[in-house]
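One letter stands for each residue in the lines below.
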Amino acid sequence: MICAEPQPEGGWQFILRPNRSLSRRGARWFFLGMAAVSLTIALGLGFLGFWMVLPFAGAELALLAGCLWHVQHRLAYQEVITLAQDSLTVERGRYCAECRRVLPRYWVRIVRKRQGLNLRTHGHSLAIAAFLPQDEQAMLAHWLQSALQGELRVQSHCMVTQILNERVIEVE
């Protein structure tokens, strides 16, 4: 998912997040539903004398909780690209900025690769948006190129469905 927001100084901020089909709240409800079903069956079998089912039901729920936590932790990753008057800043992290790179705005070139976009400047390359689908990468490349040239005219909103309705321009 790509969110584009104009900045007060005339720049832009792009927030990139992986597509998330299950929210934290949805994951919590899914786990509670699975736990209710599993524990109901396990307790019913336990009362019938099959008490060895209970530890396996607990282990099953612990494994499910661990898997859901891992997926939610991985989906918390985001990249924030801020385009200011003279610089382009890329911040990455899960819950806060864990890595920050500042590039000179006027020397940045956008190169499309198979597994994402690369920002190149002075012989260095920085990969971005590797987790986005191809159509969103193409749209982001177009928006970044337009923003770098000062031609981006988009209102502040998240771009999810608009990607399918707009023309995608390849940037090389």
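Here's what I pulled together on the structure shown here.

How each quantity is defined
- Residues numbered from 1 in each chain as written.
- Predicted model: local features only at pLDDT ≥ 70, side-chain atom pairs only at ≥ 80, totals over all residues.
- Heavy atoms only, no water.
- Core = buried A, V, L, I, M, F, W, Y, C linked by side-chain atoms within 4.5 Å.
- Buried < 20%, exposed > 50% of the residue type's maximum accessible area, 1.4 Å probe, protein only.
- Helix = DSSP H or I, 4+ residues; strand = E, 2+ residues; numbered from the N terminus.
- Contact = heavy atoms within 4.5 Å.
- Expected span 1.5 Å × (residues − 1).
- Salt bridge = Lys/Arg side-chain N within 4 Å of Asp/Glu carboxyl O.

What follows deals with the nonpolar core. Phe-14, Ile-81, Leu-88, Leu-119, Ile-128 and Leu-140 are the most contacted members of the largest nonpolar core, which totals 25 residues. Listed by contribution, the elements that provide at least two residues to this core are strand S1 (2-6), strand S2 (12-16), strand S3 (78-83), strand S4 (87-93), strand S7 (116-121), strand S8 (124-128) and helix H3 (134-148). A total of 7 residues in this core trace back to one element, the largest contributor, which is H3. Sequence-distant contacts of Ile-81, defined by excluding residues within four places in its chain, comprise Trp-12, Gln-13, Phe-14, Leu-16, Leu-88, Thr-89, Val-90, Ile-128 and Leu-144.

On to H3, then. For H3, spanning 15 residues, the distance from its first C-alpha to its last is 21 Å, which sits close to the expected 21 Å at 1.5 Å a residue. Within H3, 12 of the 15 residues are buried, which leaves the element mostly enclosed by the surrounding structure. Where H3 ends, the next residue or the one after it, Gly-150, has phi of about 80°, a positive value.

Enumeration over the complete set of coordinates arrives at 2 salt bridges. The partner of Arg-92 in a salt bridge is Glu-79, and the shortest N-O contact between them spans 3.5 Å. Taken together, the residues span a long stretch of sequence, with Arg-92 in strand S4 and Glu-79 in strand S3 at a distance of 13 residues. With respect to class, Arg-92 is no different from Glu-79; both count as buried. With a shortest N-O distance of 3.1 Å, Arg-100 and Glu-91 are connected by a salt bridge. For Arg-100, a relative accessible area of 55% corresponds to the exposed category.

Time to look at helix H1 (residues 24-47). For H1, built from 24 residues, the straight-helix expectation of 34 Å at 1.5 Å per residue is met to within 8% by its first-to-last C-alpha distance of 34 Å. Residues of H1 that are buried include every one of Ala-27, Ala-35, Ser-38 and Ala-42, and no others. At its buried positions, H1 is contacted by helix H2 (53-75). Following H1 by one or two positions, Gly-49 adopts a phi angle in the positive range, close to 105°.

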